[in-house]
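Observations on the model geometry
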Amino acid sequence: MMIFTGQLGGRMLDKLLLNLERRCNDDDLEKVIEYYQNDVQPDEIAKLALVLAGSGIVLSMNSNFADIASTGGPSSLSTLLCPLYLSSYGLNVLSLGVPGRPAGGIDVLAQIPGYNTTISSDYLIYSEPSNSYLHILASEEYAPLDLKLFQYRKKVNKINIANLAIASLLSKKIALGVRNVGLDIRVAPFGNFGKNREEAMKNSELFIEVAQKLGINAQCYLSNAILPYQPFIGRGEALLALNLIFDKKSGSWLEEHKEYCQKMSGLLYEKTTNQTICLANEISLLNCFELNLKKQGSSIYKFYDKVHEIANEKRYLIKTKEKGYIYYNLEAIRGLLNKAQELDKCNEDIFPDPAGIILLKKTTEKVEPNDDILSVRCKKEYYSLLKKEIQNLYCIKKNKIQIDYFEEVI
């Protein structure tokens with residue numbers, strides 16, 4: 001049940017949202033953005049979430065449905081691993097995504113041949129999934145106004161408005177009837193949910209308050225996204241990482257990230273069920289992944305073929321010219337991959353994958369001249385165009401700088 005306190009916005013907001021529903025032109029979108037750039041009440045954010053969700057099919061709320069979304073940011077695999085953990089714990093996972101920048105969960109899965117990113121509403125309404133996991137792309141069926149608003153926000157560079165991000169995230173959960181929601185908040189100066197810990201904490205509390213008004217159980221997980229979570233960055237590279245995890249060959253850095261995703265998933269499961277979890281292993285994760293691939297039109301064999309293809313594409317090794325301590329610039333890495341994707345974009349493929357990066361040293365690790373520090377997978381014709389950006393992906397400092405790594409649960 002949706003519980004609201006006070007009046008849901010005034011006449012001005014009602015008119016803005018009515019115009020958004022009826023016309024949804026650029027002027028309407030711009031006015032909504034202008035309104036929500038200011039301090040607004042939680043009720044007003046909840047109202048926008050309902051309007052966005054109500055523009056398409058809305059499934060009934062289900063207490064066994066769960067998902068962990070994210071606020072975006074390169075190098076995390078949480079939107080790929082957390083659904084598998086939640087599914088392995090016995091929850092049903094429905095995830096509605098939009099194309100990420102540069103490698104959101106749906107972007108990565110769409111690289112697998114045959115993977116169907118659209119699922120019939122009849123299947124969702126009439127099927128009775130058990131331990132099910134479906135990951136679908138926002139469309140005209142589910143929260144179409146949210147997709148239009150998100151695309152316009154990208155166009156005018158207004159992604160990092162927390163009030164709009166909250167409404168957008170929750171509208172997707174309302175549309176699919178997901179009652180239990182975790183939010184992976186990646187805190188960084190280039191982040192979408194707060195430039196620092198204090199801002200992110202404030203926004204996470206607001207997210208939970210708005211979710212409660214919409215009848216959604218919410219939990220937030222904050223971490224420092226200045227540091228790479230793991231070394232495989234890009235759409236294809238995320239598939240390589242998944243394969244290493246399934247094969248128990250992840251290495252310590254990737255393993256640490258896998259454990260963090262497991263921790264987030266376990267916390268949401270316990271909040272959802274009031275029960276402690278039996279820890280999942282790589283075998284059960286792989287089983288859940290195979291089931292997801294099958295339900296969405298692909299197979300584990302097509303996944304393995306794609307992994308083999310990515311692993312054998314041309315790579316350029318980048319070496320350091322000096323000794324010191326290495327620091328990666330994740331904002332620059334995201335920018336390079338976004339630029340490569342724009343260069344490769346065509347009407348037939350909304351998820352191009354012309355480039356990816358593997359970090360070969362951990363942030364703050366000591367390096368010597370001529371050490372391999374990262375590899376760039378890139379089409380030959382794009383490499384010369386990206387060469388300048390590649391030099392800005394890292395820096396070597398003479399002295400080691402302490403970076404505060406933190407994890408918090410709200």
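Now for a quick tour of the structure. Values in this document were obtained by computation on a predicted structure and should not be read as measured data.

What counts, and at which threshold
- Along each chain, the written sequence defines residue order, and numbers are assigned to residues from 1.
- Note on the predicted model: pLDDT of at least 70 is required for a residue's local features to be given, and 80 or more for side-chain atom pairs to be given and counted; whole-chain, interface and lining totals, by contrast, use all residues.
- Derived side-chain values reflect all non-hydrogen atoms in the structure, with water molecules and hydrogen atoms excluded from consideration.
- For helices the rule is a DSSP run of H or I covering at least 4 residues; for strands it is a run of E covering at least 2, with both sets numbered from the N terminus onward.
- The quantity called the radius of gyration is restricted to C-alpha atoms. Its globule counterpart is 2.2 Å times the number of residues to the power 0.38.
- Residues are treated as being in contact if the distance between any of their heavy atoms lies within 4.5 Å.
- Values of accessible area rely on a 1.4 Å probe in the Shrake-Rupley scheme; residue burial ignores everything except the protein chains shown.
- Positive charge is attributed to Lys and Arg, negative charge to Asp and Glu, and no charge count is given to His or to the chain ends.
- Every charge is mapped onto a representative atom, which is NZ of Lys, CZ of Arg, CG of Asp or CD of Glu.
- Buried Ala, Val, Leu, Ile, Met, Phe, Trp, Tyr and Cys residues form a nonpolar core when they are joined through side-chain atoms within 4.5 Å.
- The rule is simple: take the accessible area with a 1.4 Å probe, protein chains only, and divide by the maximum for that residue type; under 20% is buried, over 50% is exposed, in between is partly exposed.
- Aromatic pairing here means that ring centres of Phe, Tyr or Trp (its six-membered ring) are within 6.5 Å. Orientation follows from the plane angle: under 30 degrees is stacked, over 60 is edge-to-face, and everything else is tilted.
- Helix span, as expected, comes to 1.5 Å for every residue beyond the first.
- One speaks of a salt bridge when a side-chain nitrogen belonging to Lys or Arg is within 4 Å of a carboxyl oxygen belonging to Asp or Glu.
- Here, any two strands with at least 2 DSSP bridges between them count as paired.
- Two N or O atoms count as a polar contact when they lie within 3.5 Å, although within protein this holds only if one can serve as hydrogen donor and the other as acceptor, and sequence-adjacent residues are included solely when both atoms are side-chain atoms.
- Between N-to-C directions, angles span 0 to 180 degrees; the directions come from axes that are lines fitted to C-alpha atoms, helices contributing only their stretch in contact.
- In this scheme, roughly parallel covers angles under 35 degrees and roughly antiparallel covers those over 145, while 65 to 115 is roughly perpendicular and the rest are oblique.
- Crossings are sorted by hand: turned counterclockwise from the far helix by less than a right angle, the near helix makes the crossing left-handed, and turned clockwise it makes it right-handed.
- Three classes are used, and their members are as follows: Ala, Val, Leu, Ile, Met, Phe, Trp, Tyr, Cys and Pro are nonpolar, Asp, Glu, Lys and Arg are charged, and the others, Gly among them, are polar.

With respect to the overall build of the chain
Helix and strand counts for the chain stand at 15 helices and 13 strands. Computed over C-alpha atoms, the radius of gyration of the chain comes to 21 Å, within 12% of the 22 Å expected from 2.2 N^0.38 for 410 residues, which places it in the range of a compact globule. Considered along the principal axes of its C-alpha atoms, the chain spans approximately 65 × 45 × 40 Å. Expressed as a percentage of contacts within the chain between residues at least 6 apart in sequence, the contacts between residues at least 24 apart total 80%. As presented, the chain carries roughly 17,900 Å² of accessible surface, and 48% of it is formed by carbon and sulfur atoms. One way to put it: in the chain the 49 positive side-chain charges average out to a point 4 Å from where the 49 negative ones average out.

Brief notes about the nonpolar core
Most often, soluble globular proteins have nonpolar side chains that are buried together. Counting 62 residues, the largest nonpolar core has Leu20, Tyr36, Leu48, Leu170 and Phe207 as its most contacted members. Per-element accounting of this core gives the leading share, 8 residues, to helix α8 (residues 162–176). Setting aside its immediate chain neighbours within four residues, Leu170 contacts Ala49, Phe207, Val210, Ala211, Leu214 and Ile216. Ranked by size, the runner-up nonpolar core spans 42 residues in total, among them Ile112, Tyr115, Tyr260 and Ile358.

Some thoughts on the packing of aromatic side chains
Tallied over the full model, the rule gives 8 aromatic pairs. Where Tyr35 meets Tyr36, the ring centres are 5.3 Å apart and the plane angle is 65 degrees; that geometry is what we call edge-to-face. The residues Tyr35 and Tyr36 share a single accessibility class, namely buried. Residues Phe246 and Phe303 carry aromatic rings whose centres are separated by 6.2 Å and whose planes lie at 65 degrees to one another, so their mutual orientation is edge-to-face. You can see Phe246 sitting in helix α10 (residues 235–246) and its partner Phe303 sitting in helix α13 (residues 300–311), a full 57 residues away along the chain.

Topic: helix α11 (residues 251–273)
Between its first and last C-alpha, α11 extends 32 Å over 23 residues, near the 33 Å set by a 1.5 Å rise per residue. Immediately beyond the C-terminal end of α11, within one or two residues, lies Asn274, with a positive phi of roughly 60 degrees.

Quick word on the pattern of salt bridges
A full pass over the atoms with the stated rule returns 23 salt bridges. In this structure, Glu313 engages Arg377 in a salt bridge whose closest nitrogen and oxygen atoms are separated by 3.0 Å. A residue pair is termed long-range when its members are at least 10 positions apart, and Glu313 in the loop between α13 and β7 (315–319) and Arg377 in strand β11 (residues 372–378) qualify at 64 residues. Between Asp372 and Lys319 there is a salt bridge, with its nearest N and O atoms 2.6 Å apart. Of the two residues, Asp372 is situated in strand β11 and Lys319 in strand β7; the sequence distance between them amounts to 53 residues. Linked by salt bridges that have partners in common, Glu237, Glu313, Arg315, Asp353 and Arg377 make up one network.

A word on the sheet that holds strand β10 (residues 366–367)
Strands sit in the order β10-β8-β12 across an open sheet of 3 strands; the sheet is antiparallel. Strand pairing shows two members of the sheet lacking a second neighbour, β10 and β12 (394–397), which therefore form its edges. Bridge count between strand β8 (residues 324–328) and β10: 2 bridges; the pairing is antiparallel. Bridge pairing links Gly324 to Val367 in β10.

Thoughts on the side chain of Lys258
The residue Lys258 is located in helix α11 in this model. Side-chain polar atoms of Lys258 contact the side chain of Glu255, separated by 3.0 Å.

Thoughts on the environment of Ala103
Mapped onto the fold, Ala103 is located in the loop between β2 (92–97) and α5 (105–109). For Ala103, a relative accessible area of 24% gives the class partly exposed. If we skip the residues at most four places from it in the chain, Ala103 touches Val108, Gly234 and Arg235.

Quick word on the sheet that holds β2
Strand order in the open sheet made by the 6 strands is β3-β2-β1-β4-β5-β13, with mixed pairing throughout. Each edge of the open sheet carries a strand with a single partner, namely β3 (133–137) and β13 (407–409). The average angle at which neighbouring strand axes cross in this sheet is 20 degrees, direction not considered. Here α8 sits on the sheet in contact with β1 (62–70), β2, β3 and β4 (178–187), set at roughly 150 degrees to β1. Against the sheet, α11 touches β1, β4, β5 (217–224) and β13, its axis set at about 160 degrees to β5.

Observations concerning the packing of α8 against helix α9 (residues 197–213)
In the contact formed by α8 and α9, the axes pass within 10 Å of each other and the chain directions differ by 40 degrees. Between α8 and α9, the angle falls in the class oblique. Crossing hand, α8 versus α9: right-handed. Where α8 approaches α9, its residues Ala162, Asn163, Ile166, Leu169 and Leu170 are matched on the opposing element by Asn203, Leu206, Phe207, Val210 and Ala211. Taken together, the residues of the contact of α8 with α9 sort by class into 8 nonpolar, 2 polar and no charged.

Fair warning: the whole summary comes from geometry, so function is off the table for now.
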